[in-house]
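# Summary of the model geometry
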Amino acid sequence: MGKKVTVVGAGFYGSTTAQRLAEYDIFDTVVLTDIIDGKPAGLALDMNQSRPIEGFETKVVGVTTGPNGEGYEAIEGSDVVVVTAGLPRKPGMSRMDLLEVNAKIVRQVAENIAKYAPNAVVIVVSNPVDEMTALAQIATQFPKNRVFGQAGVLDTARFTNSIAETLGVPVKSVKALTLGSHGDTMVPVPSRCTVDGKPLSDLLPAEKIEELVVRTRNGGAEVVALLKTGSAYYAPSAAAARMAKAVVEDSGEVMPVCAWVDGEYGISGVYLGVEAELGAQGIKKVVEDKLTDTELAGLKEAAEAVRAKQADVASL
Ligand SMILES: NC(=O)c1ccc[n+]([C@@H]2O[C@H](COP(=O)([O-])OP(=O)(O)OC[C@H]3O[C@@H](n4cnc5c(N)ncnc54)[C@H](O)[C@@H]3O)[C@@H](O)[C@H]2O)c1
Ligand SMILES: O=C(O)C[C@H](O)C(=O)O
């Protein structure tokens, strides 16, 4: 049977994700939904008209959904659903300021996914993503491996880009990693950064590396401050689309994602940014690797920070 992916939310993040997924040309159908009348259908028509130019056959279908789940039949049979529905922050706001408003949206979306696409793998991007991922799992009641969040691929890409720009080397030569939360307790991992196989610490002084770490942690806010009206979507959509591709292709690729952690790194019972192997059932396994004592302490601190918030989301 042909592969099908749904993107919920046809804003900046959702529409760029849908276009990237369609251009991969590995799906029969990309469904794009939103609550705004006409917007998903208009965007789908526009994307389909790019098919002869970009040379892909995937069909994009745009659907407006109603407050009681009207229109959700369109997502039936989706292999993957990417949840982008929700407000973005504006300058001066933290992602956590979106908690209550986006929880209402994500809960409603997740309940409809459970009803209409009960076998789907769910990738959550709506912010605050660590908490919205936990909420989506609670609201769908899907196994925890089938619900995970997008943050680490994006944060790692930002770290990688800054390292490449600083050293004036191709991004391809840089390997970097970011774990932890998608917030103040993000854990960029310099000990896992190399350039052409050389440790980053051989190429840059500690103060410069720390500057890049801080910039990575503030990467989302840096874009928000420039855009003023919303948040980043080109790099974020590239991240979510790659994750969805790894799932449908059952690729086994290891990526940093917001996954359910159950004993790895001595941490249990929390959705947290860790490396994981992705496949048809979502998370195949969390991959534990060596961290320095400081990095491990940072990861544990992140776990406790998100655990406290995730405990509250069920009641939102
Ligand atoms: N995890 C990450 O790394 C990351 C990165 C960037 C953005 N984000 C988050 O992604 C979300 C979307 O960002 P954006 O830039 O696309 O915002 P946007 O405002 O452009 O789009 C959001 C869309 O969601 C729609 N929506 C609202 N309620 C809905 C519902 N119940 N069902 C379906 N659609 C609904 C809105 O109508 C709107 O079109 C935000 O919460 C943002 O913070 C996360
Ligand atoms: O920073 C934001 O609010 C959006 C997103 O989480 C990002 O990191 O770009």
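Residues numbered from 1 in each chain as written. Chains lettered and ligands numbered in written order. Predicted model: local features only at pLDDT ≥ 70, side-chain atom pairs only at ≥ 80, totals over all residues. Heavy atoms only, no water.

## What about the overall build of the protein chain?
Quick note on the threshold: Each helix is a run of DSSP H or I of at least 4 residues and each strand a run of E of at least 2, with the numbering of both proceeding from the N terminus. Using C-alpha atoms as the atom set, the radius of gyration is obtained and then compared with a globule rule of 2.2 Å times the number of residues to the power 0.38. Only protein chains enter the calculation, and the probe is 1.4 Å; a residue is then buried if its accessible area is under 20% of its type maximum, exposed if over 50%, and partly exposed in between. In this analysis, two residues are considered to be in contact whenever any of their non-hydrogen atoms come within 4.5 Å of each other. Only the protein chains shown count as covering a residue, and every accessible area follows the Shrake-Rupley method with a 1.4 Å probe. A residue counts as positive if it is Lys or Arg and as negative if it is Asp or Glu; His and the chain ends are not included. Each charge is placed at NZ for Lys, CZ for Arg, CG for Asp and CD for Glu.
Each helix and strand counted, the protein chain has 10 helices and 14 strands in total. Its C-alpha radius of gyration of 19 Å places the protein chain within 12% of the 20 Å reference for a compact globule of 316 residues. For the protein chain, the C-alpha atoms occupy an extent of roughly 55 × 45 × 40 Å along the three principal directions. Looking at the 316 residues of the protein chain, the share that counts as buried comes to 53%. Long-range contacts, defined as pairs at least 24 residues apart, comprise 69% of the intrachain contacts of the protein chain with a sequence gap of at least 6. Counting every atom, the protein chain has about 13700 Å² of accessible surface; 53% of that belongs to carbon and sulfur. Where the 31 positive side-chain charges of the protein chain centre and where its 40 negative ones centre are 1 Å apart.

## Some thoughts on the site of ligand 1
The line we're drawing: Residues are labelled near a given molecule or strand when at least one of their non-hydrogen atoms is within 4 Å of it. By the criterion applied in these results, polar contacts are pairs of N or O atoms within 3.5 Å in which, for protein atoms, one can donate a hydrogen and the other can accept it, and in which residues neighboring in sequence qualify only through two side-chain atoms. As defined here, a cavity is a set of points on a 1 Å grid over the protein atoms alone where a 1.4 Å probe fits but cannot get out. A pocket is an open set with protein on both sides within 12 Å along at least five of seven lines, and residues line them when an atom is within 4 Å of a point. To decide whether a molecule occupies a pocket or cavity, check its atoms: if more than half lie within 2 Å of the grid points, it is inside.
Neighbouring ligand 1 are 27 residues; Y13, D34, L87, V125 and Q150 lie closest to it. One nitrogen or oxygen atom from the main chain of L87 is found 2.7 Å from an oxygen atom belonging to ligand 1. For ligand 1, the protein covers 90% of the area, taking 860 Å² as the surface of the free molecule. The cavity that encloses ligand 1 is the largest pocket. Looking at the shell around ligand 1, the elements with two or more residues in it are α1 (12–24) and α4 (99–116).

## Section: the packing of α4 against helix α5 (residues 129–140)
Keep this limit in mind: The convention used is that axes are lines fitted to C-alpha atoms, helices contributing only their stretch in contact, and that angles between N-to-C directions extend from 0 to 180 degrees. By definition, any crossing whose near helix is turned counterclockwise from its far helix by less than a right angle is left-handed, and any crossing with a clockwise turn is right-handed. Residue polarity follows a fixed list, in which Ala, Val, Leu, Ile, Met, Phe, Trp, Tyr, Cys and Pro are nonpolar, Asp, Glu, Lys and Arg are charged, and the others, Gly among them, are polar.
Direction vectors running N to C along α4 and α5 enclose 35 degrees, while the axes themselves pass 8 Å from each other. Crossing of α4 against α5: the hand is right-handed. Residues L99, N102, A103, V106, R107, A110, E111 and A114 of α4 touch α5, and the partners they reach there are E131, M132, L135, A136, A139 and T140. Considered class by class, the residues forming the contact of α4 with α5 number nine nonpolar, two polar and three charged.

## Points about the UniProt feature "active site" (unreviewed entry) in the protein chain
Applied cut-off: UniProt positions are given in the numbering used here, feature names are shortened, and annotations may be inferred rather than shown by experiment.
With numbering aligned to this structure, UniProt lists the feature "active site" (unreviewed entry) at H182. With respect to the helices, strands and loops of the structure, H182 is situated in the loop between β8 (178–180) and β9 (186–188). Once residues lying within four places of it in the same chain are set aside, the contact partners of H182 are R95, N127, V129, D130, A151, L154, D155 and R158.

## Here we look at the packing of helix α6 (residues 152–167) against helix α7 (residues 206–217)
So the rule is basically this: Note on angle classes: values under 35 degrees are labelled roughly parallel, values over 145 roughly antiparallel, values of 65 to 115 roughly perpendicular, and the remainder oblique.
α7 packs onto α6 with a crossing angle of 140 degrees between their chain directions and a minimal axis gap of 9 Å. Classified by the interaxial angle, the pair formed by α6 and α7 is oblique. Note on packing geometry: the crossing formed by α6 with α7 is right-handed. Along its contact with α6, which presents D155, F159, S162, I163, E165 and T166, the element α7 presents K208, L212, V213, R215 and T216. Classifying every residue of the contact of α6 with α7 by side-chain character gives four nonpolar, three polar and four charged.

## As for the sheet that holds strand β10 (residues 194–195)
Stated formally: Only when DSSP finds a minimum of two bridges between them are two strands counted as paired.
On the basis of which strands lie adjacent, the open sheet formed by three strands has the order β7-β10-β11 and antiparallel pairing. Sheet topology places β7 (174–175) and β11 (198–199) at the edges, where each strand pairs with a single neighbour. Sheet analysis places β10 next to β11, joined by two bridges and oriented antiparallel. Among the inter-strand pairings, V195 is bridged to a residue of β11, identified as K198.

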